[in-house]
Structures are given as C-alpha cells and as structure tokens.
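Observations on the model geometry
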Amino acid sequence: MDKYFLEIDRQYVKTGLISHIDLDIFANGVLLSKTMGKIFKPATIEGRFEQLEELLRRFRATPEAMKLMDSTTHAVMRGSIDVEQTDILMKFLGDRLKYGLILDDFSNVMLLNHFIKENNHRDAAKTGIFMMLQEEFQVPIATEMSLYATYNYIMDQNSKDLPWNPISEEVAAEPEEEVKIRVEEVENPDFDDHFDLVKKEHLLGKSLAYTAKAQKLGDSVIQKSLSLLGMRYKYKCIELE
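The sections below set out a description of the structure shown in this document. (Residues numbered from 1 in each chain as written. Predicted model: local features only at pLDDT ≥ 70, side-chain atom pairs only at ≥ 80, totals over all residues. Heavy atoms only, no water.)

Another aspect to go through is the overall build of the protein chain. For the protein chain, the helix and strand inventory stands at twelve helices and zero strands. Put simply, the protein chain runs from its N terminus to its C terminus through helices and strands in the order α-α-α-α-α-α-α-α-α-α-α-α. Looking at the 241 residues of the protein chain, the share that counts as buried comes to 42%. Just so you have it, the protein chain exposes about 15000 Å², and 53% of that area is on carbon and sulfur atoms. (Helix = DSSP H or I, 4+ residues; strand = E, 2+ residues; numbered from the N terminus. Buried < 20%, exposed > 50% of the residue type's maximum accessible area, 1.4 Å probe, protein only. Areas by Shrake-Rupley, 256 points an atom, 1.4 Å probe, with all protein chains shown as cover.)

Okay, structure coming up:
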C-alpha cells in the first residue's frame with residue numbers, strides 16, 4: 001500500500017489528477033500489510049491515515065471529486081472503526097468541503113450504533129449533527145438513534161469535559177512582514193442558520209430540536225419537550241439542570 005500511495009502521488013504530480021478508482025482501492029486497502037493481513041503497529045496505522053488524508057484532500061481539489069464513490073466513504077469509516085481511529089474520522093466528516101465525505105443511510109446507522117455501544121456520546125452526537133445538516137431523516141431507526149445520542153450528550157456532564165475536536169487543524173504561522181490583500185467588501189452577508197452554524201451549542205441545540213421535529217410523534221408532549229430543550233440549549237436562555 002505504501003508503494004501504491006507513491007504511485008498515486010507520482011500520478012498526481014504528473015497530471016494534477018487522482019483517479020476515483022485509485023482512491024477507492026487505497027481506502028479499502030488502507031489497513032493491508034505486506035502479507036495480506038492487517039497492520040497493527042500504531043505508528044504504521046497513523047502513517048497510513050496520514051496518507052489517506054493527503055489523498056482525500058488532493059482528490060477533493062481536482063475535477064474528479066464529483067466521481068467520489070460511496071464505497072470510498074464506507075471504507076474510510078469501517079477502517080477507522082477497526083483500528084479505533086475515530087477521532088480522525090470525525091475530522092474528515094466534519095469538514096465536507098475539504099475532504100468530501102458524506103455518510104449514507106447505512107453508514108449513519110453503523111456509526112451511531114458503534115458510538116452508542118461504546119458510550120461515546122460526543123461522537124454519536126456529532127454523527128447526529130451531520131445527519132441534521134444533510135436533513136437525512138428518511139430512516140426511522142437512524143433518526144431515533146440520532147435523537148437519543150444528541151440528548152445523551154447534552155445531559156451528560158462527563159461527556160462535555162472531553163474536547164469537542166480532539167484533532168485540531170494546524171494554524172499557519174503568522175508572516176514576519178505584514179501582508180496586505182485587497183478584498184471585496186461584503187455588505188449585509190446572509191446567515192442561513194444552518195450550514196453557517198459553527199458553535200457546538202448551536203449545532204447540538206438545533207440538531208436536537210430539528211430531529212425531534214422530524215420524528216413522527218404527532219403533536220406529543222415528548223416532541224414538544226425535546227424541541228424546547230434543543231432550542232433553549234441552542235440559545236442558552238437558561239442553564240440546563
């Protein structure tokens with residue numbers, strides 16, 4: 001796989017393109033060893049995922065990005081779960097513009113099931129947020145698991161003590177000399193209250209309220225209570241008890 005990465009890298013340097021087939025093969029074989037077994041050394045696993053991140057980032061910036069296969073996203077998700085690299089997986093999923101990975105219905109259910117069973121309320125809630133942003137409420141079990149995960153994270157104080165983004169993006173060093181760039185002034189920029197949300201509280205609150213509304217519970221007390229809980233968490237009207 002290391003040689004395969006170098007071959008894809010040479011192709012990219014030569015043509016400026018990465019084949020969606022090559023990316024899919026690498027994603028599906030990211031954990032393969034020379035003996036066709038699975039790699040197990042932490043340093044080797046970390047190196048492979050760094051290679052995968054580089055390929056995803058480069059591929060996203062090419063015209064081939066529109067050909068990304070569903071199996072590629074699924075392979076990245078399954079490989080991350082197999083070797084407990086879910087922190088970097090959530091980094092990929094959290095930046096759709098940079099990496100281009102969007103979960104399908106099956107992947108949503110599988111990922112939510114994994115995180116809920118592991119009592120990982122933070123990443124389960126993040127998965128629910130991704131579903132909310134894409135408005136993916138067609139699968140009832142996925143919607144209910146998302147609602148359950150988001151509610152658990154909001155109400156679990158221990159989960160909130162964990163860093164929301166364990167792997168933070170590296171910040172480029174400030175240039176020694178001041179560089180001035182002329183930019184166009186934007187008057188009254190639009191705020192869509194959806195994809196423009198970046199704060200954790202806003203995302204969690206809207207996810208809980210929006211997912212509760214999508215549940216087919218009718219005009220029930222449970223739905224109203226969850227919607228109210230989500231909205232007051234989003235706007236921090238009062239402290240939750």
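Next comes the rest of the write-up.
Let's shift gears to the layout of surface pockets. Of the pockets and cavities examined, the largest pocket occupies roughly 580 Å³. Taken together, 21 residues line the largest pocket, and the ones lying closest to its centre are Gly94, Asp95, Phe130, Asn165 and Leu203. Mapped by element, the contributors of at least two residues to the lining of the largest pocket are α5 (86–94), α6 (96–99) and α8 (121–134). (1 Å grid on protein atoms, 1.4 Å probe; cavity = no way out; pocket = protein on both sides within 12 Å on 5 of 7 lines; lining within 4 Å. Points joined across faces, edges and corners; volume = space filled by probe spheres on them.)

Moving on to the nonpolar core. Most often, soluble globular proteins keep nonpolar side chains buried together rather than apart. Of all hydrophobic cores here, the largest spans 38 residues; its most connected members are Leu52, Phe92, Leu93 and Leu111. Contributions of two or more residues to this core are made by α1 (2–15), α2 (20–28), α3 (42–60), α4 (70–82), α5, α7 (105–117), α8 and α9 (140–155). Of the residues forming this core, the biggest block, six residues, is contributed by α3. Grouped together as the second largest cluster of nonpolar side chains are 17 residues, Ile129, Met132, Leu197 and Leu208 included. (Core = buried A, V, L, I, M, F, W, Y, C linked by side-chain atoms within 4.5 Å.)

By the secondary structure assignment, Ser80 is in helix α4. Looking at Ser80, its side chain comes within polar contact range of the main-chain oxygen of Val76, at 2.7 Å. Residues in contact with Ser80, not counting those within four places in the same chain, are Phe49, Gln85, Thr86 and Leu89. (Polar contact = N/O pair within 3.5 Å; in protein donor to acceptor, adjacent residues only side chain to side chain. Contact = heavy atoms within 4.5 Å.)

Burial analysis of α5 places seven of its nine residues in the buried class, which makes it a mostly covered element. Every buried residue of α5 is accounted for by Thr86, Ile88, Leu89, Met90, Lys91, Phe92 and Leu93. In this structure, the buried side of α5 is in contact with α3, α4, α6, α7 and α8.

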